[in-house]
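Understanding the architecture of this molecule
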Amino acid sequence: SVELPEGFSVSLAANTIRGTAADPSDYTALQADNDVFLDIIDDDIRRTCIEIQIIDDDVPEGVEFFSIAVVPDPFIDFPENIRLDPNVAFVEILDNDSPRIGFNQTEYTALESDRVATVYVSV
C-alpha cells in the first residue's frame, strides 16, 4: 500500500466498452462526460463506486459481458507519479431468462371419432 497524503483526490473519466452485451438492450452505457472522483480522506478510504444500470428482459441470451475503463480526466492535471493499474474491468451479465417449454393452451377437446388428440408444446 502506497502512502498518499490525507485529503488527496484525483479525477478520472469512466467509460463503458461494448462486448457481447449491448447498450441500451443489456445495460445503460456511461455518458462520455462521466467523471469519477476518488478522494483519499485517510488511509482507510481508497475506493469509489461506479454504477452501471443493467437491463432485465425476458430474452434468453446466455452470459454476456461489457467492460468499463477509467482514464485520467483530460481536463484536470493528473499526478505523474500515479499509475492506473489495472484501468479496465470486465462485467459479466448472467442471464436469468431460462427458455420455457410448455403447452400452448391448458385445455384441449377431442371427439372420440377423431381418434387422435392433437396437443401443442412450444419453446
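What counts and how
- Residues numbered from 1 in each chain as written.
- Predicted model: local features only at pLDDT ≥ 70, side-chain atom pairs only at ≥ 80, totals over all residues.
- Heavy atoms only, no water.
- Helix = DSSP H or I, 4+ residues; strand = E, 2+ residues; numbered from the N terminus.
- Buried < 20%, exposed > 50% of the residue type's maximum accessible area, 1.4 Å probe, protein only.
- Contact = heavy atoms within 4.5 Å.
- Areas by Shrake-Rupley, 256 points an atom, 1.4 Å probe, with all protein chains shown as cover.
- Salt bridge = Lys/Arg side-chain N within 4 Å of Asp/Glu carboxyl O.
- Phe/Tyr/Trp six-rings, centres within 6.5 Å; stacked < 30°, edge-to-face > 60°.
- Core = buried A, V, L, I, M, F, W, Y, C linked by side-chain atoms within 4.5 Å.

**As for the overall build of the protein chain**
Check the secondary structure of the protein chain and you find zero helices and six strands. Listing each helix as α and each strand as β along the protein chain from the N terminus yields β-β-β-β-β-β. Of all 123 residues assigned to the protein chain, the portion counted as buried reaches 22%. Sequence separation of at least 24 residues holds for 62% of the intrachain contacts in the protein chain that already meet a minimum separation of 6. Accessible surface for the protein chain amounts to roughly 9,700 Å². Of this, 52% is attributable to carbon and sulfur atoms.

**Quick notes on the environment of Ile52**
With respect to the secondary-structure elements, Ile52 resides in the loop between strand S2 (35-40) and strand S3 (64-72). When the C-alpha positions of Ile52 and Ala29 are compared, they lie 7.0 Å apart, and in sequence the two are 23 residues distant. Residue contacts for Ile52: discarding those within four places in its chain leaves Thr16, Tyr27, Thr28, Leu30, Phe66 and Ile68.

**With respect to the pattern of salt bridges**
Under the counting rule described, the total for this entry stands at one salt bridge. Note that Arg83 and Asp85 form a salt bridge whose closest N and O atoms lie 3.9 Å from each other. Grouping residues by exposure puts Arg83 and Asp85 together as exposed.

**Quick notes on the environment of Phe90**
If you trace the backbone, Phe90 turns up in strand S4 (residues 88-93). When its relative accessible area of 64% is taken as the criterion, Phe90 is described as exposed. Linking Phe90 and Ile68, residues 22 residues apart in sequence, is a C-alpha distance of 6.5 Å. Setting aside residues no more than four positions away along its own chain, Phe90 makes contact with Phe65, Phe66 and Ser67.

**Observations concerning the packing of aromatic side chains**
Using the criterion set out here, one finds two aromatic pairs in the structure. Ring plane angle 15° and centroid distance 4.1 Å describe the contact between Tyr27 and Phe66, whose orientation is recorded as stacked. Taken together, the positions of Tyr27 in the loop between strand S1 (8-18) and S2 and Phe66 in strand S3 put the pair 39 residues apart, joining distant regions of the chain. There is no split in this pair, since Tyr27 and Phe66 are both buried.

**Some thoughts on the nonpolar core**
In terms of nonpolar packing, the biggest core is built from 12 residues, these being Val10, Leu12, Ala14, Ala21, Tyr27, Ala29, Leu30, Ile52, Phe66, Ile68, Val70 and Ile93. Among the elements of the structure, S1 and S3 are those that each provide at least two residues to this core. Residues within four places of Ile93 in sequence aside, it is in contact with Ala21, Asp26, Ile54, Gly62, Val63, Glu64 and Phe66.

None of the figures reported here should be taken as evidence of function without further support.
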